[in-house]
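# Breakdown of the fold
One letter stands for each residue in the lines below.
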Amino acid sequence: EELGFCKPGESGAFVSGQRTAPGGDFPMNTNGGGLSYTHTGMYGIYTIIEAVRQVRGECGERQVAGAKTAICHGTGGTWSASATLIVSTER
């Protein structure tokens, strides 16, 4: 909602029906995500690596067909910092 992919209050419907799963029309966390993986402020580099690999077409079975743009968003520090990065092969 806050990144503008859907309106406030519509996130439940936005992600329902496996829409964000691999093969869905809006795949997220294509590398499997980081739940219970590491400190939240340390996971961000893995989202960047996955985004770059996706737009390069280097992800094998988890490759999103035709990926040209990817977005990474995360928080860190003491939840007081956040960053968003857009990776794209388009100009």
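Residues numbered from 1 in each chain as written. Predicted model: local features only at pLDDT ≥ 70, side-chain atom pairs only at ≥ 80, totals over all residues. Heavy atoms only, no water.

## Things to note about the overall build of the protein
If you tally the helices and strands in the protein, you get two helices and two strands. The secondary structure elements of the protein, listed N-terminal to C-terminal, are α-α-β-β. The C-alpha atoms of the protein give a radius of gyration of 14 Å, which matches the 12 Å a tight globule of 91 residues would have. Split into buried and exposed, the 91 residues of the protein put 18% on the buried side. Once local pairs closer than 6 in sequence are excluded, the contacts in the protein between residues at least 24 apart make up 25%. Of the accessible surface of the protein, which amounts to about 6700 Å², a share of 53% is contributed by carbon and sulfur atoms. On the protein, the mean spot of the 7 positive side-chain charges and the mean spot of the 8 negative ones are 8 Å from each other. (Helix = DSSP H or I, 4+ residues; strand = E, 2+ residues; numbered from the N terminus. Rg over C-alpha atoms; globule rule 2.2 N^0.38 Å. Buried < 20%, exposed > 50% of the residue type's maximum accessible area, 1.4 Å probe, protein only. Contact = heavy atoms within 4.5 Å. Areas by Shrake-Rupley, 256 points an atom, 1.4 Å probe, with all protein chains shown as cover. Lys, Arg positive; Asp, Glu negative; His and termini not counted. Charge placed at Lys NZ, Arg CZ, Asp CG, Glu CD.)

## Regarding a nonpolar patch on the surface
On the surface, a cluster of nonpolar side chains totalling about 520 Å² of accessible area is made up of Y37, I45, Y46, I48, I49 and L85. Top contributing element to the nonpolar patch by residue count: helix α2 (residues 44–56), with four residues. (Patch = residues over 30% accessible without salt bridge, like charges linked within 9 Å, V, L, I, M, F, W, Y side chains within 5 Å. Salt bridge = Lys/Arg side-chain N within 4 Å of Asp/Glu carboxyl O.)

## Quick look at the nonpolar core
Counting residues in each nonpolar core, the largest one holds five residues, listed as A51, V55, A70, C72 and V87. When contributions to this core are tallied by element, the ones reaching two or more residues are α2 and β1 (69–76). (Core = buried A, V, L, I, M, F, W, Y, C linked by side-chain atoms within 4.5 Å.)

## Describing α2
Taking 1.5 Å per residue as the helical rise, α2 with its 13 residues ought to reach 18 Å, and the 19 Å between its terminal C-alpha atoms agrees with that figure. Listing the buried residues of α2 in full gives E50, A51, Q54 and V55. One face of α2 carries all of its buried residues, which in axial projection span an arc of 125 degrees. Considering only its buried residues, α2 is in contact with β1 and β2 (81–88). Taken from the residues just after α2, G57 is the one with a positive phi, measuring 80 degrees. (Expected span 1.5 Å × (residues − 1). Arc of directions from axis to C-beta.)

## Some points on the pattern of salt bridges
Here the structure, examined in full by the defined rule, presents three salt bridges. The partner of R56 in a salt bridge is E58, and the shortest N-O contact between them spans 3.9 Å. Taking relative accessible area as the criterion, R56 reaches 60% and is therefore assigned exposed.

## Remarks on the side chain of T20
Considering the arrangement of structural elements, one finds T20 in the loop between α1 (11–15) and α2. Exposure remark for T20: the relative accessible area of 18% places this residue in the buried category. If we skip the residues at most four places from it in the chain, T20 touches V15, F26, P27 and M28.

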